[in-house]
Structure formats: structure tokens, C-alpha cells
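# What the coordinates show
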Amino acid sequence: MPVDEALIHSIVQQVMAGMQLQESAAGMHGVFRDMNDAIEAAKEAQKVMRVMTLDQREKIISEIRKKTNENAEILANMGVSETGMGNVGDKILKHRLTADKTPGTEDITTIAWSGDRGLTLVEMGPFGVIGAITPATNPSETVICNSIGMIAGGNTVVFNPHPNAKKVTIFTINMINEASLAAGGPDNIACTVENPTLDSSSVMMKHKDIPLLVATGGPGVVTAVLSSGKRAIGAGAGNPPALVDETADVPKAARDIVNGCTFDNNLPCIAEKEVVAVDSICDELMNAFINDNGCYLASKEVQDKLIATVITPKGALNRKCVGRDARTLLSMVGVNVGADIRCIVFEGPKEHPLITTELMMPILGVVRVKDFAEGVETAVWLEHGNRHSAHIHSKNVDRITTYARAMDTAILVKNGPSYAALGFGGEGYPTFTIASRTGEGLTSAATFTKRRRCVMSDSLCIR
Ligand code: NAD
């Protein structure tokens, strides 16, 4: 199909999807007015799911992958237009990555012991109906990736999405249920409510039929699920530093850092949020940012205007600035630049508000340190104990090891862009729920299962 025809097709579908949502979100698969009804429907679907073969679950997942790829452009457009955050091109890539590489039932494995007294298995069984809370920053990506993993584990799921992303979430949940029906599965394998609120979230957290909560978001929501009295997986905030030492390939480090930092306008929680550079290569790195990688050097005056614009007087983020591109942010402070500008850079102390705050904007503050040891100390301080993600550019294996131990994060990328951690130009599978606070790390189907021991006494050992 020629590009313009594809674009027209995508826009028509998007408009139709929007109209459909306005007319009756409740008419879409998996969408309910009341959270209790959503949970009840997901519970009925789980009764069907729990007796399905792994092969049947995999058929549903294949159909979800197919529909996600078919709808990648629509989902990306809807996400950007509803939330005002991120960019369509990178969001399309995120959806394709989620569709193609999120682990399915192959992630569900068994441990076995056999011997004189028989055979014992530890199997990964479903929890039942999982309650998931999803962010505005990767809305449909998180819903799709959570759904694939949770369904692979034999669960069904109820989502309470960010209210600013409810339309794209409803579209996604409808798509997931259509995939299930097309594969011969039940309706309502993923459910949500028309109007997600803190009240609907509270109903979900307290509901007797929700044994496991999964929260992807900032510190508030993670603390809320961890205080619920239920088992909870908390994928919280980060503020990932990228440390560059004097052994690094500096031009490559500059390129990788800017590529990672600007991906989807810095929305991913794993993205480089600030740089710590050893003094002897700091000037070379700054020059590479500015001369070779489309970075704008912000003066003290521009930095002050940015602080006043992107951070509110109470210290919160101005939501109108989150996930915006560098040009838009600069235009908000009266600076007009060309389309070649991808990122804003400046040098400052570690306490600088644009450095110490998790901005989720392509603004990279650079902290100059005298040597590697001071760099490690500074990076640990900047990560604020989130233990989420950190990155390093160094050719010295001992230093990389020292840094990795000191940071103690769920993700550590060496000599690459941050998104290599999600299987983009790096090995391994992707996820948009990185359980930093509760320690499961990059979640997948196995994370959403419980361990069950199954014992055959005195039989079935044929050794
Ligand atoms: P957010 O914390 O504002 O909202 C996340 C979700 O939690 C939303 O659905 C929101 O409605 C809900 N929520 C917030 N406070 C709540 C409370 N007290 N009780 C119940 N629900 C509550 O975050 P956001 O702006 O949507 O996303 C950005 C944040 O999420 C960043 O801090 C980012 O680092 C983090 N994040 C983490 C991961 C991860 O995998 N660790 C992934 C994506 C985003």
C-alpha cells in the first residue's frame, strides 16, 4: 500500500475509533461503568482461561501480537494526541517491539526433582484476576505488554489506567478482547472502567477477588499498592544517570546518550535523565553533544526560565512539559531553534533542579566530576535510591563492575543507549513494567504466576 493511502486509512480508522469511544465506551469489549462489574466479568473469563491449554493461550497471544502490529500506527497516534506526550514514530516502534518480543507461554517453566521417593514438580500457576494500574507515559504499550504476560500465565486482568490515557486504553482493551474472541477465547480477558479514578482504583485494591496488584507509575501509586495488604508488584520512578569516564569512546557515548535520552521524548523511565562526566573528557563530551548530536547549549538564563516553566512552585512537574520535544520546550521559554535540535544540554551542579528531578523531557544536565570514584558517588546520589536504571560508558571492566555494584539497579546498560535494556539493539525481552521497588526487575509472564508444588509420592521416577 502506498504511504499516503496507508496514512489516510490510519487516520480514518483513528477518527472512527474516537467517534466510537465518544458514542459508547461501554459498548466496547471489556469496558464497564463500575469497577465491581469489570472485576466480575474478568473473573468469569478467568474461569474459562484456567482450563484452557497452553496452546490455546498462545493462540490468543498470537492474535494480540498480530492486532497490535496492525494497529501500531493508530495506537501511537491516539497515545500522543490524548496525552500530549511523546512522538508518534517512536511510539510505533515501542508497539512493534511489545508485539514481537514480549514473552508468552514459553516463559512459564517447571522445576522438577525426581528420586527414590518419587517426582516433585514446581509449576507456575495463575493468580486469578490481576489488578493493574498503568501510567500515562506508555499507556497502550503497558496494557499490551502486561496483558500478554498475565494471559500467558493463565490470569485475566482489570486495568485502572491513568485518566489522561483512558481513550487509548479503552481502544487497546477492546482490541485485546477482539483478539481473544478471534482465537476462540473468552471475552473480557482484559477489562477496565469508562472513567478510571482514584475511587475505582481503591475499589480494585480492596476487592476480595483481586489477589495480586501490579502498579506501574510514580512513587504515590507504588506506595498505595504496597500499603494495600495484598501481594503487590511495584514498578516505580527512576532518575537514571549515565556515567562517562576517560576510557570511554566519547563520540559513541555522546551518540548513545542522546539517542536514549530523546527516544519518545524521554518518556521511558529507563531513559538517560542526566550525565556524570569525568573532568578530563567532559569538554570533549559536551562538544560532541552540541556539534555532532543536535544538542542546544542552554545558557544560565535559559536554564532559569526552563526551571520556572517545567517545574511548578511546589516542585511538581508541569504536565504540559512532560514528554515534549526539545524544540517545543525551548519555544516555551522564548527560544526558537531549527528542527535539527533534539536535546537541551548544560553543565551544572548535581543539586540543579533540572538534574536532580526526574523530568521525562529531553533535557540533559551534565555534572562534571574530578574522577571515576567521585562519579560513582554522584551517580548513586542522583539515582535517589530508586534502584531503577543506570548507564555507564567505560572500557574498564573493573570500573563497570564497581559502578554496577554501587548503583544496585534493576537495569544497567554498558556502552549503549538505555533502550538496549528493552531488547532494542540489545539482547533480551522488553517490558514496560520494570519492578524496581519490589525487586522482580523486568516483569514477564513468570512474574505474574504463583509457585505450586505438585508431588507424586514413590512413583514416576524411572532413573
Ligand atoms: P503517575 O504516578 O502520575 O500515575 C501512574 C498511575 O498511577 C496512573 O494510573 C495514576 O492514575 C495512578 N495513581 C497515581 N497516584 C495514585 C494513588 N495514590 N493511588 C492509586 N493510583 C494512583 O505516573 P505517570 O505520569 O502516569 O507516569 C510516570 C511515572 O511512572 C514516572 O515516575 C516514571 O518513572 C514511572 N514509570 C515507571 C515505570 C517502571 O516500569 N518502573 C514505567 C513507566 C513509568
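Residues numbered from 1 in each chain as written. Predicted model: local features only at pLDDT ≥ 70, side-chain atom pairs only at ≥ 80, totals over all residues. Heavy atoms only, no water.

Attention shifts here to the packing of aromatic side chains. A complete count under the given rule lists three aromatic pairs for this structure. Relative to Y419, the ring of F263 has its centre 5.2 Å away and its plane inclined at 55°; by these criteria the two rings are tilted. In this pair, F263 sits in the loop between α10 (250–262) and β10 (274–278) while Y419 sits in the loop between β15 (411–414) and β16 (434–435), placing the two residues 156 residues apart along the sequence. Of the two residues, F263 and Y419, both sit in the buried class. Consider the rings of F263 and F424, whose centres lie 5.7 Å apart with planes at 85°: the pair is edge-to-face. Here the residue F263 occupies a position in the loop between α10 and β10, and F424 occupies one in the loop between β15 and β16, the gap between them amounting to 161 residues. A connected cluster of aromatic rings, assembled from ring pairs, spans F263, Y419 and F424. Taking the ring centre of W381 as reference, the NZ or CZ of K350 above it sits at 4.7 Å. (Phe/Tyr/Trp six-rings, centres within 6.5 Å; stacked < 30°, edge-to-face > 60°. Helix = DSSP H or I, 4+ residues; strand = E, 2+ residues; numbered from the N terminus. Buried < 20%, exposed > 50% of the residue type's maximum accessible area, 1.4 Å probe, protein only. Lys NZ or Arg CZ within 6 Å of the ring centre and 35° of its normal.)

What follows deals with empty space enclosed by the protein. For the coordinates displayed, the defined rule picks out one cavity of 30 Å³ or more. In this model, the largest cavity occupies a volume close to 40 Å³. Taken together, N138, P268, C269, I270, L422, T431, F432 and I434 make up the full set of residues lining the largest cavity. Along the lines of polarity and charge, the residues of the lining of the largest cavity split into six nonpolar, two polar and no charged. (1 Å grid on protein atoms, 1.4 Å probe; cavity = no way out; pocket = protein on both sides within 12 Å on 5 of 7 lines; lining within 4 Å. Points joined across faces, edges and corners; volume = space filled by probe spheres on them. Nonpolar A, V, L, I, M, F, W, Y, C, P; charged D, E, K, R; others polar.)

Let's shift gears to the side chain of T409. If you trace the backbone, T409 turns up in the loop between α16 (397–407) and β15. The buried category is assigned to T409, whose relative accessible area is 16%. At a separation of 2.9 Å, a polar atom in the side chain of T409 contacts the main-chain carbonyl oxygen of I411. Look past the residues within four positions of T409 in its chain and what remains in contact with it is E383, R387, H388, S389 and A390. (Polar contact = N/O pair within 3.5 Å; in protein donor to acceptor, adjacent residues only side chain to side chain. Contact = heavy atoms within 4.5 Å.)

A few words on the domain arrangement of the protein chain. Looking at the assigned domains, one finds that the protein chain contains domain 1 (5–236 + 441–457) and domain 2 (241–425). The partner domain 2 presents 18 residues to the 17 residues of domain 1 that form the contact. For the pair domain 1 and domain 2, the two sides together bury roughly 1,300 Å², of which 57% comes from carbon and sulfur. Here domain 1 and domain 2 share two salt bridges between them. Residues D264 and K91 are paired through a salt bridge, measuring 3.0 Å at the closest nitrogen-oxygen approach. Inspection of the region where domain 1 meets domain 2 yields 10 residue pairs in polar contact (both at pLDDT 80 or more). Residues belonging to the side of domain 1 that touches domain 2 are distributed by class as follows: five nonpolar, seven polar and five charged. (Domains from an automatic or database assignment. Buried area = accessible area lost by both parts, 1.4 Å probe. Salt bridge = Lys/Arg side-chain N within 4 Å of Asp/Glu carboxyl O.)

Next up on the list: the sheet that holds strand β2 (residues 111–115). Spatial strand order, β2-β3-β18: three strands in an open sheet with antiparallel pairing. Edge positions in the open sheet fall to β2 and β18 (449–457), since each of these has one partner strand only. For this sheet, the mean angle separating the axes of adjacent strands, direction not counted, is 15°. Sheet analysis places β2 next to strand β3 (residues 118–126), joined by five bridges and oriented antiparallel. Along β3, the bridge assignment pairs I111 with V122. (Pairing = 2+ DSSP bridges. Axes fitted to C-alpha atoms, helices over the stretch in contact; angles between N-to-C directions.)

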